Amino acid sequence: MPELPEMEAWRRALNDPVSAFPIERAGPAHIATLKTFDPPLRELEGRRFAGAERRAKRLLFPTDDGELVVIIHLMSAGRVRYLAAGEAGPKTPAFRLGFQGGGQLVLTERGAKKRAGVWILTPEAAEQELAHLGPEALGLGPERLGEILDGDSRRLHSLLRDQRLIAGIGRAWANEILHTAKLSPYAMSGGLTPGQVQELADAIDSELERGLELRERGAKDAKVYRVHNRLQEPCHVCGTSIERVDFEEHTIYYCPDCQTGGRVLKDRRMSRLLR
Ligand SMILES: [Zn+2]
């Protein structure tokens, strides 16, 4: 699933093209993709976007008259692209906006399951839709992070991914951040020293900024991730083989030497089944 660095890179790339011309034709939209019916899709026609914004892993496109906001959530398999006039696009996009001048914003989704979503809302309804989200991960800082960590007793990997507490981090960047902070994915949120909280706050910023910079240059996963999806490859810091463990619905990657004092973490999904 695209996370904060990926979504922010897309936001920056989309900001100018989506606001260059008014929308000429809104739709088609796959019935499972468009999550709202009032205001209707055609209400967008003739309006112009003020630009592209982002909140957590969602893209927001407010109209410049302040009356409507389009929210796009890509989930794991959705992709959004701006096609210049004349550029060939997908035959059956999940969602499409055609602009005057011939450009298009298209949302596609791999696989049969349609999980990505598009919402057309008033600004008030959009605010409600996003109200459950915690503060943005980038720039959170040690004080705010410390309060969040103390407010919940959870394993760090799980807490970092909880969008209600911290917005924008998913499983891939949780792996990268915890590795840089030299913290175990299973460490309990309330048990960190002030120094470890500081290191975690620094790692959140440095890793998300590193990811954003690489994604803006078009880098693919293999170049961006140093720990995530790198089972048995040498750790880029110490050379130890990266390990993998299943936890809840997720697969966690980590370096035993850098993060867990050499211990190999127990698979918490399997051990439950075997008990
Ligand atoms: Zn290491």
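Residues numbered from 1 in each chain as written. Predicted model: local features only at pLDDT ≥ 70, side-chain atom pairs only at ≥ 80, totals over all residues. Heavy atoms only, no water.

(A) Broad picture of the packing of helix H1 (residues 4-20) against helix H6 (residues 194-216). Close contact between H1 and H6 brings their axes to 8 Å; oriented N to C, the two are set at 45°. Judged by the angle between their axes, H1 and H6 are oblique. Seen from above, H1 lies across H6 with right-handed handedness. From H1, Leu4, Pro5, Glu6, Glu8, Ala9 and Arg12 reach across to H6, where they touch Leu208, Gly211, Leu212, Arg215 and Glu216. Split into classes, the residues belonging to the contact of H1 with H6 amount to five nonpolar, one polar and five charged. (Axes fitted to C-alpha atoms, helices over the stretch in contact; angles between N-to-C directions. Helix = DSSP H or I, 4+ residues; strand = E, 2+ residues; numbered from the N terminus. Parallel < 35°, antiparallel > 145°, perpendicular 65-115°, else oblique. Left-handed = near helix turned anticlockwise from the far one by under 90°. Contact = heavy atoms within 4.5 Å. Nonpolar A, V, L, I, M, F, W, Y, C, P; charged D, E, K, R; others polar.)

(B) Focus on the coordination of the zinc ion. Ligation of the zinc ion by protein atoms is provided by Cys235 (SG), Cys238 (SG), Cys255 (SG) and Cys258 (SG), these donors lying 2.3 Å from the ion. Bound by four donor atoms, the zinc ion shows angles of 99 to 114° at the metal and therefore tetrahedral coordination geometry. Ordering the donors of the zinc ion by residue number gives the pattern C-x2-C-x16-C-x2-C. (Donors = N, O, S within 2.8 Å, 3.2 Å for Na, K, Ca; no water. Tetrahedral: all angles 85-135°; square planar, octahedral: opposite > 155°, others 65-115°.)

(C) Structural detail: the pairing of strand E3 (residues 58-62). Counting buried positions over the five residues of E3 gives five, a clear majority of the element. Here E3 shows no split at all, with Arg58, Leu60 and Pro62 on one side and Leu59 and Phe61 on the other all buried. Sheet topology note: the strand E2 (residues 53-55)/E3 ladder contains three bridges and is antiparallel. Bridging from a neighbouring strand, glutamate 53 pairs with leucine 60 of E3. Between E2 and E3, which pair antiparallel and follow one another directly, the connecting turn spans two residues, one of which, alanine 56, has a positive phi of 55°. Linking E3 to strand E4 (residues 69-73), which pair antiparallel, is a turn of six residues; within it glycine 66 sits at a positive phi near 75°. (Buried < 20%, exposed > 50% of the residue type's maximum accessible area, 1.4 Å probe, protein only. Pairing = 2+ DSSP bridges.)

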